[in-house]
Structures are given as C-alpha cells and as structure tokens.
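Structural features, examined
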Amino acid sequence: MKIDRLLAITILLLNRRRISAGELAERFEVSTKTVYRDIETLSRAGIPIVSHQGASGGFELMERYTIGRQMLTPGEIEALRSAVKGAATALDDRTFSDLTEKVQALLGSAGDGASGPGVVFDFNPWSRSVSVQGRIDRLRKAARESLRVEVRYLDMNGRESRRTLEPAMLLMKGGVWYLQAYCLLRGEFRLFRLSRMLELKETGEPFIPKPAPPLEAYEWKDDWDPAPRIEVSLRFRPEVRLRVTDEFDPSRIAELADGSVRVGGSFAADDWFYGMLLSYGDRVIVESPGEIAAELVRRARSIVESYAAQPLSSGSEIR
C-alpha cells in the first residue's frame, strides 16, 4: 500500500543521512518515477525533504527533524519499551533505565493498565554471574575510551594463550556474551567469549579504533569444529523426558509408545557430546552407530578404573 511505503520512506530518511532514488526504487520494487511522486507527496504533507543532485546525490531530511509520537502506535511504543527494559536487565547502566522512563512517557495513559499478551525480554540467567557482569562493565569502558586490554584466554580447543585486544563491541547471542575486538596476536578482528577469559587486565594503553566488520559476517563455519559429524540415534528413558525436551530441538525428538523418547540427528562426536551422554547415566542408550556406543563404554570404564586406583571411604567398593 502507498501509505505504508510513504511511512517506510520517512523512517529510512530519519535513520540515514542520505539515500538515492535508485536505492529506494530497488528496496520497494517500484520505478524511480514512483519514488519521485512519493517524495513530492511527503513534501506536500510538510515533511522537509532536501534533494541533492549529482553522483552522490539523493534525498535527506533537514537537520533536527524528528519523528512525532503520533506516527507510532501504542503497541509499537510498548514493544520499544520492552526491548529497552530487556537491555537494562543485561547492562548495569543508568542510561537504559533513564531511556525506559522516557519511552514510558511516550506511552502516556496508553500504557496504564495495559491488557492482553505482552513480551518480556530478560537476558540474565536465573543465576547471574557477577564475574561476567564485571567483565562487561570493564570491557564497555575500555571500548568507549579506546584502551587496550590483555586477557588470558581459552579457545574452543582448550588451548590457553595471552591476547592483547582492542575492544570494539559487546555482543549477546544465545544468552552468551561475546566481545568483538581486534586481536594483535592474529592481526584481525575476532569474537571472544567472555566466560573463557580466565583473566582480564586493563593496560591503559590507548589505540586508534579500526573499522570493524559487520556482525553479520560472523556466521558459523563448519571448519571451526574439526570433530566429524555422525548420524546418531539415542533412546532416553521416560524419567528424563523433560530434560530431553529442554536440551534438544523438537524436530529431532520422537515419542515412543512406552513413554521413552528417541533423538536422532547429526552430532559432532567430540568431548562435549560424550560428556553430555555420560551425564544421563543409564537413562540413555546409543542405538546407533556402534562405534559411538563403544566409545561411550570405553569412557565409562575409564571413569570406573580411575576410582578403582584409589582408596574409597569405609564401606564403599567398586564392583
């Protein structure tokens, strides 16, 4: 609809310094003539759009023009408030608390006694880690002031190293905090998981910020995990069904007639995978393939043997 396109163009102009007619035409899948007619309509409606000619030309809004509250519905403002409150739960920053109050002021009476289903964003785990929160605060400060930090870090293969980093941005993905930073050891930008930082030291050494790659560039690459992926079938006893539904994708789970559940799919046969299976004890059976079952038995026997080699408390024995 034209009215939707006009509003979308206005939002784009508010969020970008300048945009060309060609870009707008491609984005909305219309002709440039239609774009020019839309711009004329917006101008007649009182929106101060400036047009620039030439190779770097395009449209932009006059400085200090802002969107009015009337262009947002109460539902949209409520969604914005929920998102801001979620950020405030993850970051101990007065800025987000103040912003929540300002968004609430935009809601006005529309936000009083709101009914119906809502959405709450809370990015903290039930047991909040004080150490990780402290790292978040220190790394935000280092990024804001362009100061290098030194970390003792464990990579995904368990190897320990010392890195000097130039912090750029903090990222939360899947409930886990990461730092995007330029690594002097590797000579490139990388993502570092905060929970794997064994030590964090502020060096006080300034740096000139480098342009960081967009976060969209950090997509999972298969070569990050060298462990081979194998098709596995697992059968879990009924008493661990709840845990299984929490830990595995529903598309992998099949309910069986006796109340047990089968989980199938491709897994990386690494230490994490075998540790996960061992944590279920005798409540899981590897149905296939045989080599996975054999390796699981070998690891279980190794655990028993490690206890057999040392004295246990009185009255205890290993059979």
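Above this text sits the structure in question.
Scope of this entry: the structure provided in the associated data block. None of the values given here were measured: they were computed from a predicted structure. (Residues numbered from 1 in each chain as written. Predicted model: local features only at pLDDT ≥ 70, side-chain atom pairs only at ≥ 80, totals over all residues. Heavy atoms only, no water.)

Here the focus is the sheet that holds strand E9 (residues 253-255). What links the strands of a sheet is backbone hydrogen bonding, and the strands pair in either a parallel or an antiparallel sense. Spatially, 4 strands are ordered E9-E10-E8-E11 in an open sheet, and the strand pairing comes out antiparallel. Either end of the sheet is taken by a strand with one partner, and the two such strands are E9 and strand E11 (284-288). Ignoring strand direction, the axes of neighbouring strands in this sheet form an average angle of 25°. Inspection of the sheet shows E9 paired to strand E10 (residues 261-268) by 3 bridges, in the antiparallel sense. Bridged to Ala 254 within E10 is Arg 262. The sheet contacts of helix H9 (residues 290-308) involve strand E8 (229-236) and E11, and relative to E11 the element is tilted by about 145°. (Pairing = 2+ DSSP bridges. Helix = DSSP H or I, 4+ residues; strand = E, 2+ residues; numbered from the N terminus. Axes fitted to C-alpha atoms, helices over the stretch in contact; angles between N-to-C directions. Contact = heavy atoms within 4.5 Å.)

For any two aromatic rings, the description comes down to two numbers: the centre-to-centre distance and the angle of the planes. A full pass over the atoms with the stated rule returns 8 aromatic pairs. Ring plane angle 80° and centroid distance 5.7 Å describe the contact between Tyr 36 and Phe 59, whose orientation is recorded as edge-to-face. Residue Tyr 36 is found in helix H3 (residues 32-44), and its partner Phe 59 is found in strand E2 (residues 58-61); the two are separated by 23 residues along the sequence. Assessed through its relative accessible area of 4%, Phe 59 is described here as buried. Relative to Tyr 274, the ring of Phe 273 lies with its centre 5.6 Å away and its plane at 65°, an arrangement referred to as edge-to-face. With relative accessibility at 1%, the residue Phe 273 sits in the buried group. Connected via pairs of aromatic rings, a cluster forms that spans Phe 236, Phe 248, Phe 267, Phe 273, Tyr 274 and Tyr 280. Above the plane of the ring of Tyr 182 lies Lys 210, whose end atom (NZ or CZ) is 4.4 Å from the centre. Lying over the aromatic face of Phe 267, Arg 252 brings its terminal NZ or CZ to 4.4 Å of the ring centre. (Phe/Tyr/Trp six-rings, centres within 6.5 Å; stacked < 30°, edge-to-face > 60°. Buried < 20%, exposed > 50% of the residue type's maximum accessible area, 1.4 Å probe, protein only. Lys NZ or Arg CZ within 6 Å of the ring centre and 35° of its normal.)

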